Amino acid sequence: MTRPVQFRDDNLTPLREVALHEAAHTVIGCRFGLIPDYVTIVPDHECVGHVLWLPHIPCTREEWGARLYTAAAPAGLICLDGRSDWLSYGDSEHIERILPLCAPLTRDELYSDVDRLVHVELQTIFAVARALMRKKQITGQQVERVIRRVDHNAPAKRRATRKGVH
Ligand SMILES: [Zn+2]
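- Under an unreviewed UniProt entry, the name given to the protein chain is Peptidase M41 domain-containing protein, and the source organism is Bradyrhizobium sp. LLZ17.

Next up, the structure:
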């Protein structure tokens, strides 16, 4: 599904892109009930940023679905600049590995859901990205506080409704 560009972000520096990418994983993951240990945009030898989810090995279809939506979340940032390559190579590989476990969910349905979820959560994603830009690394508790603050200030209708994999 292609949606017209609705937001244009003129401040997309490389660091802000990384922060938004990680914030998208983080916020959508949290909405699906996952708990981040920490989120970082401090580069290491492997990547420019990552989220570490607390040890938990998915086993049910629903848990795999949560991981799938979390992995695909940055794809929804296409609404920021119309670019389709918000996913990293690692994310795309991860998605292709998990997708068959979540059948009959299709790739098209996944990305259309992700677009919708990210669109609804954009303010929350911006807020987490801002916290990341400021501190470079934030704990799961700090993430939770940022999300709670945005939820508190947002009209209920703007909040995403969780849509799991059935
Ligand atoms: Zn990623």
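The structure having been displayed, the exposition proceeds.
### What to know about a positive patch on the surface
Thinking step 1. Together, Arg130, Arg134, Lys135, Arg145 and Arg149 give the surface a local cluster of positive charge.
Thinking step 2. Secondary-structure elements contributing two or more residues to the positive patch are α6 (122–135) and α7 (140–153).
Thinking step 3. With three residues, α6 is the single largest residue contributor to the positive patch.
Thinking step 4. Along the chain, arginine 134 turns up in helix α6.

### Section: the sheet that holds strand β2 (residues 50–53)
Thinking step 1. If you trace the three strands from one edge of the open sheet to the other, you get β2-β1-β3, paired in antiparallel fashion. Each edge of the sheet is formed by a strand with only one pairing partner; in this case those strands are β2 and β3 (137–139). Looking at each pair of strands side by side, their axes are set apart by 10° on average, direction ignored.
Thinking step 2. Inspection of the sheet shows strand β1 (residues 36–40) paired to β3 by three bridges, in the antiparallel sense. Paired with tyrosine 38 across the two strands is threonine 139, which belongs to β3.
Thinking step 3. Across the sheet, helix α1 (residues 14–31) lies against β1 and β2, angled at about 25° from β2, the strand it touches most.

### Digging into the nonpolar core
Thinking step 1. Counting residues in hydrophobic clusters, the biggest one holds 47 residues, and the most contacted among them are Leu20, Leu68, Tyr69, Leu77, Leu110 and Ile125.
Thinking step 2. The set of elements that each furnish at least two residues to this core consists of α1, β2, α2 (61–72), α3 (78–81), α4 (89–98), α5 (107–120), α6 and α7.
Thinking step 3. What leucine 110 contacts, discounting residues up to four positions off in sequence, is Leu68, Tyr69, Ala72, Ile95, Leu99 and Leu105.

Parameters and conventions
Residues numbered from 1 in each chain as written. Predicted model: local features only at pLDDT ≥ 70, side-chain atom pairs only at ≥ 80, totals over all residues. Heavy atoms only, no water. Patch = residues over 30% accessible without salt bridge, like charges linked within 9 Å, V, L, I, M, F, W, Y side chains within 5 Å. Areas by Shrake-Rupley, 256 points an atom, 1.4 Å probe, with all protein chains shown as cover. Salt bridge = Lys/Arg side-chain N within 4 Å of Asp/Glu carboxyl O. Lys, Arg positive; Asp, Glu negative; His and termini not counted. Charge placed at Lys NZ, Arg CZ, Asp CG, Glu CD. Helix = DSSP H or I, 4+ residues; strand = E, 2+ residues; numbered from the N terminus. Pairing = 2+ DSSP bridges. Axes fitted to C-alpha atoms, helices over the stretch in contact; angles between N-to-C directions. Contact = heavy atoms within 4.5 Å. Core = buried A, V, L, I, M, F, W, Y, C linked by side-chain atoms within 4.5 Å. Buried < 20%, exposed > 50% of the residue type's maximum accessible area, 1.4 Å probe, protein only.

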